[in-house]
There are 2 protein chains.
Amino acid sequence: MADSARRTGRPRSAAADRAILDATRSALVELGWGGLTMGDVALRAGVAKTTLYRRWANKSEMVVDAVAVLFDELELPDLGSLRADVESVVLAFAALLERPEAKTALMAVVAEATRDDALRARIRAAIVERQKHLVVEGRRRAQARGELPPDPPGPEGAAAADRAADLIFDVIAGAVVHRSLVSAESVTPVWARALTALLLHGLPSAAGPAGPAPGGSGGPVDA
Amino acid sequence: MADSARRTGRPRSAAADRAILDATRSALVELGWGGLTMGDVALRAGVAKTTLYRRWANKSEMVVDAVAVLFDELELPDLGSLRADVESVVLAFAALLERPEAKTALMAVVAEATRDDALRARIRAAIVERQKHLVVEGRRRAQARGELPPDPPGPEGAAAADRAADLIFDVIAGAVVHRSLVSAESVTPVWARALTALLLHGLPSAAGPAGPAPGGSGGPVDA
DNA sequence: GCGTTTCGATACGCCCCGTAGCGTAACTCA
DNA sequence: TGAGTTACGCTACGGGGCGTATCGAAACGC
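Residues numbered from 1 in each chain as written. Chains lettered and ligands numbered in written order. Predicted model: local features only at pLDDT ≥ 70, side-chain atom pairs only at ≥ 80, totals over all residues. Heavy atoms only, no water.

Draft legend 1. Looking closely at the overall build of chain A. Tallying secondary structure elements over chain A gives 10 helices and 0 strands in all. Going from N to C terminus, chain A has its helices and strands arranged as α-α-α-α-α-α-α-α-α-α. Looking at the 223 residues of chain A, the share that counts as buried comes to 49%. For chain A, contacts bridging at least 24 residues in sequence account for 62% of all contacts bridging at least 6. (Helix = DSSP H or I, 4+ residues; strand = E, 2+ residues; numbered from the N terminus. Buried < 20%, exposed > 50% of the residue type's maximum accessible area, 1.4 Å probe, protein only. Contact = heavy atoms within 4.5 Å.)

Draft legend 2. Geometry of the protein's contact with DNA strand D. Around DNA strand D there are 24 residues in total, and A:Lys49, B:Gly9, B:Ser13, B:Thr51 and B:Arg55 lie nearest to it. At 3.1 Å from a phosphate oxygen of DNA strand D is found a main-chain nitrogen or oxygen belonging to A:Met38. Among the secondary structure elements, those contributing two or more residues to the surface near DNA strand D are helix 3 (38-45) and helix 4 (49-55) of chain A together with helix 4 (49-55) of chain B. Looking at which element gives the most residues to the surface near DNA strand D, the answer is helix 4 of chain B, with 4 residues. For the surface near DNA strand D, a count of residues per class yields 6 nonpolar, 10 polar and 8 charged. (Near = heavy atom within 4 Å. Polar contact = N/O pair within 3.5 Å; in protein donor to acceptor, adjacent residues only side chain to side chain. Nonpolar A, V, L, I, M, F, W, Y, C, P; charged D, E, K, R; others polar.)

Draft legend 3. Structural view of the protein's contact with DNA strand C. The environment of DNA strand C is made up of 25 residues, and the closest members are A:Gly9, A:Ser13, A:Thr51, A:Arg55 and B:Tyr53. By atom count, sugar and phosphate contribute 63% of the portion of DNA strand C lying within 4 Å of the protein. A:Ser13 has a polar backbone atom sitting 2.8 Å from a phosphate oxygen of DNA strand C. Residue A:Thr50 places a side-chain N or O atom 3.5 Å away from a base nitrogen belonging to DNA strand C. At the level of secondary structure, the elements contributing two or more residues to the surface near DNA strand C comprise helix 4 of chain A together with helix 3 (38-45) and helix 4 of chain B. The dominant element in the surface near DNA strand C, judged by the number of residues it contributes, is helix 4 of chain A, at 4 residues. Class assignment of the residues belonging to the surface near DNA strand C gives a composition of 7 nonpolar, 10 polar and 8 charged.

Draft legend 4. The arrangement of the packing of helix 10 (residues 189-201) of chain A against helix 11 (residues 189-201) of chain B in detail. It is at 5 Å that the axes of helix 10 of chain A and helix 11 of chain B come closest, and there the two elements cross at 105°. With respect to their mutual orientation, helix 10 of chain A and helix 11 of chain B come out roughly perpendicular. Packed against helix 10 of chain A, whose contacting residues are A:Leu198, A:Leu199, A:Leu200 and A:His201, the element helix 11 of chain B presents B:Leu198, B:Leu199, B:Leu200 and B:His201 at the interface. Residue composition of the contact of helix 10 of chain A with helix 11 of chain B, grouped by class: 6 nonpolar, 2 polar and no charged. (Axes fitted to C-alpha atoms, helices over the stretch in contact; angles between N-to-C directions. Parallel < 35°, antiparallel > 145°, perpendicular 65-115°, else oblique.)

Draft legend 5. Fine view of the interface of chain A and chain B. Contacts between the two partners involve 55 residues from chain A and, on the opposite side, 55 residues from chain B. For the pair chain A and chain B, the summed buried surface comes to about 4700 Å²; carbon and sulfur atoms form 67% of the total. Counting across the interface, chain A meets chain B through 2 salt bridges. When the shortest N-O distance is used, the salt bridge between A:Arg124 and B:Glu185 registers 3.3 Å. (Buried area = accessible area lost by both parts, 1.4 Å probe. Salt bridge = Lys/Arg side-chain N within 4 Å of Asp/Glu carboxyl O.)

Draft legend 6. Spotlight on the side chain of B:Ser81. All names here are of chain B. You can see Ser 81 is positioned in the loop between helix 5 (59-71) and helix 6 (82-98). Judged by its relative accessible area of 17%, Ser 81 is buried. Reaching out from Ser 81, the side chain makes a polar contact with the backbone nitrogen of Ala 84 at a distance of 3.1 Å. Beyond its immediate chain neighbours, meaning those up to four positions away, Ser 81 contacts Arg 145 and Glu 147.

Draft legend 7. The relation of the copies chain A and chain B, seen in detail. Of the transformation placing chain A onto chain B, the axial shift is 0.0 Å and the rotation is 180°, giving an RMSD of 0.1 Å. On the angle and the small slide along the axis, the relation comes out as a two-fold axis. Same-surface contact between copies: 98% of interface residues of chain A are shared with the interface of chain B. (Least-squares fit on C-alpha atoms with pLDDT ≥ 70 in both.)

Draft legend 8. Region of the structure containing the nonpolar core. Among the nonpolar cores identified, the biggest contains 144 residues, and A:Phe71, A:Val90, A:Phe93, B:Phe71, B:Val90 and B:Phe93 are the most heavily contacted of them. Sequence-distant contacts of A:Phe71, that is, excluding residues within four places in its chain, are made with A:Phe93, A:Leu96, A:Leu106, A:Ile127 and A:Gln131. (Core = buried A, V, L, I, M, F, W, Y, C linked by side-chain atoms within 4.5 Å.)

Draft legend 9. Summary view of the side chain of A:Asp85. Residue and element names in this part refer to chain A. By the element assignment, Asp 85 lies in helix 6 (residues 82-98). Looking at Asp 85, the relative accessible area reads 2%, which means it is buried. What Asp 85 contacts, discounting residues up to four positions off in sequence, is Leu 76, Pro 77, Asp 78, Leu 79, Gly 80, Arg 141 and Arg 145.

Draft legend 10. Looking closely at unusual backbone geometry. Residue and element names in this part refer to chain A. Although it is not a glycine, Ala 184 sits at a positive phi angle of roughly 60°. With respect to the element layout, Ala 184 can be found in the loop between helix 9 (154-182) and helix 10. Taking the relative accessible area as the measure of exposure, Ala 184 reaches 25% and is therefore partly exposed.

Draft legend 11. A look at the environment of A:Val182. By the secondary structure assignment, A:Val182 is in helix 9. A relative accessible area of 13% means that A:Val182 is categorised as buried. Linking A:Val182 and A:Met107, residues 75 residues apart in sequence, is a C-alpha distance of 10.0 Å. Excluding residues within four positions of it along the chain, A:Val182 makes contact with A:Val177, B:Val110, B:Arg124 and B:Val128.

Draft legend 12. Region of the structure containing the UniProt feature "DNA-binding region" (unreviewed entry) in chain A. In the numbering used here, UniProt assigns the "DNA-binding region" (unreviewed entry) feature to residues 37-56 of chain A. Spanning residues 37-56 of chain A, this segment combines 75% helix with 0% strand, and its end C-alpha atoms are found 14 Å apart. (UniProt positions renumbered as here; feature names shortened; annotations may be inferred.)

Here it is in structure tokens:
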């Protein structure tokens, strides 16, 4: 719709787009969300402030677009087991949240979005829904390996699979975000392993942080 | 230390404290984090703006104190099973996050805290550590019921128990926050039940959202 | 070329932040 | 009771950001 809407007149400068988003990210790194100002971003990008407002309604929308691309770096290499796949995506997501531009911006735009429907929709489209394929793909692989039961057939089964993927996504992403930003403790490989064990085997098996306790009761297969 | 420091002079008005924090919460409800201003809070509280700055260094620190008391309402009634306990605390926490003053403020102060060590410490002390007892208590009850294995003895066992409690806290709180604020979908009893099932039995058993699919393969005990 | 749209530049009104200065109020201690 | 100390209300202020308006120039399609 954006294509057919404006076929006439001077086209938007793609170079300006890139320069603005780059400037936004570097401003986030140096100043954080609170210190970032539209005037400063325009200055860094070598662009007039009006050019920013021609593209985005406000600071939040612009920052969402600037940060969203960072999440596209997330990948899901097939490591041969559900355990390894989960552990690796947890660590990759945590590394992403360590980056100052992501860390300071993500929570801020989510906070703004609690009172801004358009912004909430933009976050969902640009970040949340976009990364959900990681869970879908990981689930599919695990089912192919026999590590997870197959989805029930029919439309109800597909809906149930969707709900399961949504749940897993919220649990994994939420746990990492909460650990990293709210509890403010670092996500170590040991922690990632413990989280993975909890997800795979459930609470009763989550005694030790890595591997079941010696002589423990419920230590299932792990390798 | 705050007591012995200032024993002389006019004491701080406790009434002003309450009026300010009440005004802060009501301003959050009506205006949200972004719309809340120090001048407006002072006006609502019937207090001079300088009185606010005499107590808190900035907006974020004040809001943390204003919101922290909301979390003290969380309780953990003994419902007789780990499943019921988890489900109830999930729903209670979600209901808390539904309240506009909590919803808009929590993410905002966490975002600010990514670049403010003092604020991060205040959040941990006033909110995170304060609510962790819910997990510790729930775990203790479940162990007494035999639903969870007991902690290994000795200081290593206690440390492992602490790590387990931290992990569970991050997983539960993180999942609810992510579902409610990032994914922006409501936390229903059905979802709470599915999350609880995932926590209790692990991913392989998380086929259906509530109850195993008819003729499903891995439906463990539930009642 | 003509209409349309973008761009840079500048200026502006509005509002908020956080602090300073002052006289007054409340409390402790001698 | 009076002196010392701290909190309070009030007002005013400098600094800075937001988002908009306006203008002439530039870059496109037709």
